[in-house]
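Close look at the chain arrangement
Residues per chain are reported as follows:
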Amino acid sequence: NGHMATSLALLAGGWALFGLLHSLLVERRVRARLRLPAFLLRAYRLLYNLLTASAILGLVVYASRIGSPLVYEFDGALRIPFHILRIAGAAVGIGSAWQLGMLEFLGLAQLFGRRTIEGTGLRTDGLYAYCRHPMGLGFLLMVWGSPWMSSAYLVTAASLTVYLLVGTWFEERDLRASFPAEYSEYCRRVPALLPIAWRTSRPAPGVTPAVPVERRG
């Protein structure tokens, strides 16, 4: 009906606005223009993560209150593969953040003046030897690994997937600009999201992998 369509459109618009602000606030150029004092710059990533979590929570609560009809639902043993996908997604996502440095990823290390993730190099080992964006892969597995799907959940999952793919494109553009030769070779060896075995390969023996960097998170 019209009310449901309006609610779903508002939900999609909310996710679009979230994606826009999330992308703008992570840009170093935007942060530079904000001219924040030193203590806020140190707390920037932590505040950014808290703002992100709050926005996602608000949109998820709104989606849950729409009361949209189910698209599908699996019961009993048929739920097991979906639960496995979500567990795998959580493991990959947490593992990726751990490789980047969990305290740095959360923004706690920066708060106390330790090094930041950004600008320290290109990560190509560990999970990053199997796909270039393991955090994105883990995110997609958790989002789509649901044994049930309502209309509101479908709008949410589709919106977040589009945002992830667009964000990945911009991230890769920045990485190609920062590491022209290295990143082109990395892209030749390793797929973006799906860890297809025949394309992946580990760094050659004797080559020390670079230190971590991931623009989004």
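This section reports on the structure supplied with the text. (Residues numbered from 1 in each chain as written. Predicted model: local features only at pLDDT ≥ 70, side-chain atom pairs only at ≥ 80, totals over all residues. Heavy atoms only, no water.)

Digging into the overall build of the chain
Scanning the chain for helices and strands turns up ten helices and two strands. Ordered by position from the N terminus, the helices and strands of the chain form the series α-α-α-α-β-α-α-α-α-β-α-α. Scored against the burial criterion, the 217 residues of the chain give a buried share of 41%. Just so you have it, the chain exposes about 12,200 Å², and 71% of that area is on carbon and sulfur atoms. (Helix = DSSP H or I, 4+ residues; strand = E, 2+ residues; numbered from the N terminus. Buried < 20%, exposed > 50% of the residue type's maximum accessible area, 1.4 Å probe, protein only. Areas by Shrake-Rupley, 256 points an atom, 1.4 Å probe, with all protein chains shown as cover.)

So, the packing of aromatic side chains
Within this structure, the stated rule accounts for eight aromatic pairs. Ring centres of Phe-18 and Tyr-163 lie 6.2 Å apart, and the angle between their planes is 65 degrees; this geometry places the pair in the edge-to-face category. In this pair, Phe-18 is assigned in helix H1 (residues 2-26) and Tyr-163 in helix H9 (residues 151-178), connecting sequence segments 145 residues apart. Side by side, Phe-18 and Tyr-163 carry an identical accessibility label, which is buried. (Phe/Tyr/Trp six-rings, centres within 6.5 Å; stacked < 30°, edge-to-face > 60°.)

Description of the packing of helix H8 (residues 134-144) against H9
H9 packs onto H8 with a crossing angle of 170 degrees between their chain directions and a minimal axis gap of 10 Å. In terms of their interaxial angle, H8 and H9 are classed as roughly antiparallel. Contacts between H8 and H9 pair Gly-136, Phe-139, Leu-140, Met-142, Val-143 and Trp-144 from the former with Tyr-153, Leu-154, Ala-157, Ala-158, Leu-160, Thr-161 and Leu-164 from the latter. A class-by-class count of the residues in the contact of H8 with H9 yields eleven nonpolar, two polar and no charged. (Axes fitted to C-alpha atoms, helices over the stretch in contact; angles between N-to-C directions. Parallel < 35°, antiparallel > 145°, perpendicular 65-115°, else oblique. Contact = heavy atoms within 4.5 Å. Nonpolar A, V, L, I, M, F, W, Y, C, P; charged D, E, K, R; others polar.)

Comments concerning H8
Within H8, the full set of buried residues consists of Pro-134, Met-135, Gly-136, Leu-137, Gly-138, Leu-140 and Val-143. Taken together, the buried residues of H8 touch helix H5 (80-100), helix H6 (102-106) and H9.

Side note on the pattern of salt bridges
For the coordinates displayed, the defined rule picks out seven salt bridges. One salt bridge in this structure joins Arg-79 and Glu-73, with 3.3 Å as the shortest N-O distance. The partner of Glu-185 in a salt bridge is Arg-188, and the shortest N-O contact between them spans 2.9 Å. Of this pair, Glu-185 and Arg-188 both sit in helix H10 (residues 180-189), separated by three residues, roughly a single helical turn. A single network of salt bridges, built from pairs that share partners, joins Glu-73, Asp-75 and Arg-79. (Salt bridge = Lys/Arg side-chain N within 4 Å of Asp/Glu carboxyl O.)

Overview of the nonpolar core
The biggest cluster of nonpolar side chains holds 14 residues, and the ones touching the most others in it are Leu-8, Leu-11, Trp-15, Leu-59, Ile-66 and Ala-152. Where this core is concerned, the elements lending two or more residues are H1, helix H4 (44-66) and H9. Sorting elements by how many residues they give to this core places H1 first, with five residues. Sequence-distant contacts of Leu-11, that is, excluding residues within four places in its chain, are made with Leu-59, Tyr-62, Ala-63, Ile-66, Ala-152, Val-155 and Thr-156. Core analysis: the second largest hydrophobic core is formed by twelve residues, Phe-105, Phe-179, Tyr-186 and Cys-187 among them. (Core = buried A, V, L, I, M, F, W, Y, C linked by side-chain atoms within 4.5 Å.)

Side note on the side chain of Arg-45
Inspection of the secondary structure assignment puts Arg-45 in helix H4. In terms of polar contacts, Arg-45 uses its side chain to reach the backbone carbonyl oxygen of Glu-104, at 3.4 Å. (Polar contact = N/O pair within 3.5 Å; in protein donor to acceptor, adjacent residues only side chain to side chain.)

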